[in-house]
Amino acid sequence: MYSFLTTENWADYELVDSGNFEKLERFGEYYVARPEPQAIWDKHLPEQEWQRLANAVFTRDKGSQEKGQWKLKKGMPEQWFINYKYNDLKLRFRLGLSSFKHVGIFPEQDSNWKFIYDTTKNLKTPQPKVLNMFAYTGAATLAAKAAGADVTHLDSIKQVNFWARDNMEASNLDNVRWLVEDAMKYARREVKRGNKYNGIILDPPSYGRGPNGEKWQLENELNEMIKLCHDMLDGTDYFLLINLYSMGFSAMVLDNLMRDTFGEQVQNEELGELYLHDNGNRRLPLGTFFRFTSVKK
């Protein structure tokens, strides 16, 4: 089933407007304007309204596609908290203004967090083991943990893991296993050990580095990573979720990889795109996903 999924019913988040390669978002009480390469259309709101609303505006450094500076209005903090609620799931996230335009959360992942929470709660295993690789600041980790999982959270950047731990404590959760590791090396070792997981979550970047300089390039590494995930995934009680934010990757790439590798284990699957909708009724695409599970809907 091909799906277009968007973020819904989140009081502390709103995509206010998008266009001219920018997006204007509200996180809690603060408005943030930052670059968005996919927003090639015109803005819906006038420029004066963007300037009036935005508490923080990110501008790229000359010669850089990612790194830049934030310009803050008076009263705008560099860090603040927002809340997230879905049924009986209640999380709290610390946000911050990084030099790479990120704020510590990807709001379009809302539907994936809901999937992780619901699916983990419905697994048959009393305390299912879940592995979250390329785990960033841990929203998916916390969704699984709140649903009763024994979670291993892996990211190659130590400071990001500290940030994720702050989110765990703010959400009144505990006992996550934190690893600062290269994902490929860890997965290879887990396969050799014969370790299995009931849930695996992947959100790999297009390009990245491990803690010791190990190189990750999506198109070169993804096929092997998916095969390793096959060998780590429990054969009877399971889910797998992969998300890609890469403008050059079709969802059909994920479809081919998953069906070739997992075969009949692909059940109750969903394939599609994640997007955010702004107040001008434009849909901003922000990644492709594939997820499947032994849990019947």
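Just so it is clear, the structure is predicted and the values come from calculations on it, not from any experiment.

Draft legend 1. The pattern of salt bridges, seen in detail. Counted by the stated rule, this structure contains 18 salt bridges. Residues Arg 26 and Glu 14 are paired through a salt bridge, measuring 3.0 Å at the closest nitrogen-oxygen approach. Linking Arg 26 in strand 3 (residues 22-27) with Glu 14 in strand 2 (residues 13-19), this pair joins segments that are 12 residues apart in sequence. Here Lys 114 and Asp 110 are joined by a salt bridge, their closest N and O atoms 3.2 Å apart. On the criterion of helical spacing, the pair formed by Lys 114 and Asp 110 is a turn pair, its members being four residues apart in helix 2 (residues 110-122). The burial state of Lys 114 is the same as that of Asp 110; both residues are buried.

Draft legend 2. Up close: the UniProt feature "domain: S-adenosylmethionine-dependent methyltransferase" (unreviewed entry) in the protein chain. Sites flagged by UniProt as "domain: S-adenosylmethionine-dependent methyltransferase" (unreviewed entry) map to residues 89-211. Secondary structure within residues 89-211 divides into 37% helix and 24% strand; the distance between the first and last C-alpha atoms comes to 32 Å.

Draft legend 3. Examining the nonpolar core more closely. The biggest cluster of nonpolar side chains holds 48 residues, and the ones touching the most others in it are Phe 27, Trp 80, Phe 93, Trp 113 and Ile 116. No other element matches helix 3 (residues 139-146), which puts five residues into this core. Beyond its immediate sequence surroundings of up to four residues, Ile 116 is in contact with Ala 140, Ala 143, Ala 144, Ile 201, Phe 239 and Leu 241. With 35 residues, the next largest nonpolar core counts Met 133, Tyr 186, Leu 233 and Ala 251 among its residues.

The rules behind the values
Residues numbered from 1 in each chain as written. Predicted model: local features only at pLDDT ≥ 70, side-chain atom pairs only at ≥ 80, totals over all residues. Heavy atoms only, no water. Salt bridge = Lys/Arg side-chain N within 4 Å of Asp/Glu carboxyl O. Helix = DSSP H or I, 4+ residues; strand = E, 2+ residues; numbered from the N terminus. Buried < 20%, exposed > 50% of the residue type's maximum accessible area, 1.4 Å probe, protein only. UniProt positions renumbered as here; feature names shortened; annotations may be inferred. Core = buried A, V, L, I, M, F, W, Y, C linked by side-chain atoms within 4.5 Å. Contact = heavy atoms within 4.5 Å.

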